[in-house]
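If you want the building blocks of each chain, they are given just below.
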Amino acid sequence: MSEDTIFSKIVRGEAPADIVYRDDRVTAFRDIQPQAPTHILIIPNKAIPTVNDVTTDDEAMLGHLFVVAAKLAQEEGIAEDGYRLIVNCNHDGGQVVFHLHMHLLGGRPIGRMVQRV
Ligand code: AMP
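As a convention, each chain's residues are numbered from 1 in the sequence order in which they are written. With pLDDT at 70 or above as the cut-off, local features in this predicted model cover only qualifying residues; side-chain atom pairs require 80 or more to be listed or tallied, and sums for whole chains, interfaces and linings still use all residues. In computing side-chain values, all of the structure's heavy atoms are included and hydrogens and water are not.

**A word on the environment of Leu62**
Formally: Helix numbering and strand numbering both begin at the N terminus, where a helix is a DSSP run of H or I of at least 4 residues and a strand a DSSP run of E of at least 2. Between buried and exposed lies partly exposed: a residue is buried under 20% and exposed over 50% of the maximum accessible area for its type, with that area taken using a 1.4 Å probe on protein chains only. We call two residues contacting when some pair of their heavy atoms lies within 4.5 Å.
With respect to the secondary-structure elements, Leu62 resides in helix α2 (residues 59-76). The class for Leu62 is partly exposed, based on a relative accessible area of 22%. As a C-alpha pair, Leu62 and Arg108 span 46 residues in sequence and 26 Å in three-dimensional space. Excluding residues within four positions of it along the chain, Leu62 makes contact with Val54 and Leu100.

Printed below as a string of structure tokens:
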């Protein structure tokens with residue numbers, strides 16, 4: 001069984017969040033430390049720790065994350081100028097919360113795809 005995270009608590013309504021969208025498969029809420037004028041996290045209601053843990057059973061739900069991202073980008077008024085969708089995985093990917101999530105970032109030029117360090 002996967003570890004319970006703050007995101008699972010948000011899905012269950014046990015932790016506060018600025019929820020902008022919710023249905024039976026996904027929940028979307030504003031990032032608590034926004035990196036851009038629009039910074040929304042779109043997460044499966046089901047607790048999947050990382051991309052490494054997805055299965056073929058998750059394919060429809062994972063596609064739905066993109067449909068919700070596109071809808072929210074329209075609502076945020078950033079669809080035409082553009083935005084970035086990010087899914088981090090494990091340590092080298094910079095993942096901090098181990099409940100799979102998609103970042104929707106926009107409202108300013110986001111810059112290079114990845115930073116060279
Ligand atoms: P990641 O590095 O991809 O795991 O990103 C985790 C994101 O979750 C970070 O951008 C955090 O600012 C955000 N975050 C952590 N806790 C919360 C919370 N309680 N509500 C909203 N966003 C959160």
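**Overview of the site of the ligand**
For the record, the criterion: The nearness test applies per residue and asks whether one of its heavy atoms lies within 4 Å of the molecule or strand. Counted as a polar contact is a pair of N or O atoms within 3.5 Å, where, for protein atoms, one must be capable of donating a hydrogen and the other of accepting one, and residues adjacent in sequence contribute only when both atoms are in side chains. Residue exposure ignores everything except the shown protein chains as possible cover, and the areas themselves are Shrake-Rupley values with a 1.4 Å probe. Throughout, the protein atoms alone are placed on a 1 Å grid, and a set of points is a cavity if a 1.4 Å probe fits but cannot get out or a pocket if it is open with protein on both sides within 12 Å along at least five of seven lines; lining residues have an atom within 4 Å of a point. Each molecule is checked against the cavity or pocket grid, and it sits inside if more than half of its atoms lie within 2 Å of the grid points.
Around the ligand lies a shell of 15 residues, among which Asp31, Gly94, Val96, His101 and His103 are the nearest. Interatomic distance of 2.7 Å between a backbone N/O atom of Val96 and an oxygen atom of the ligand. For the ligand, an oxygen atom lies 2.8 Å from a polar atom in the side chain of His103. Notes on the ligand: free accessible area 510 Å², of which the protein chains cover 83%. Judged by its atoms lying within 2 Å of the grid points, the ligand is housed in the largest pocket. When residues of the shell around the ligand are traced back to their parent elements, those giving at least two are α1 (6-11) and β2 (26-30).

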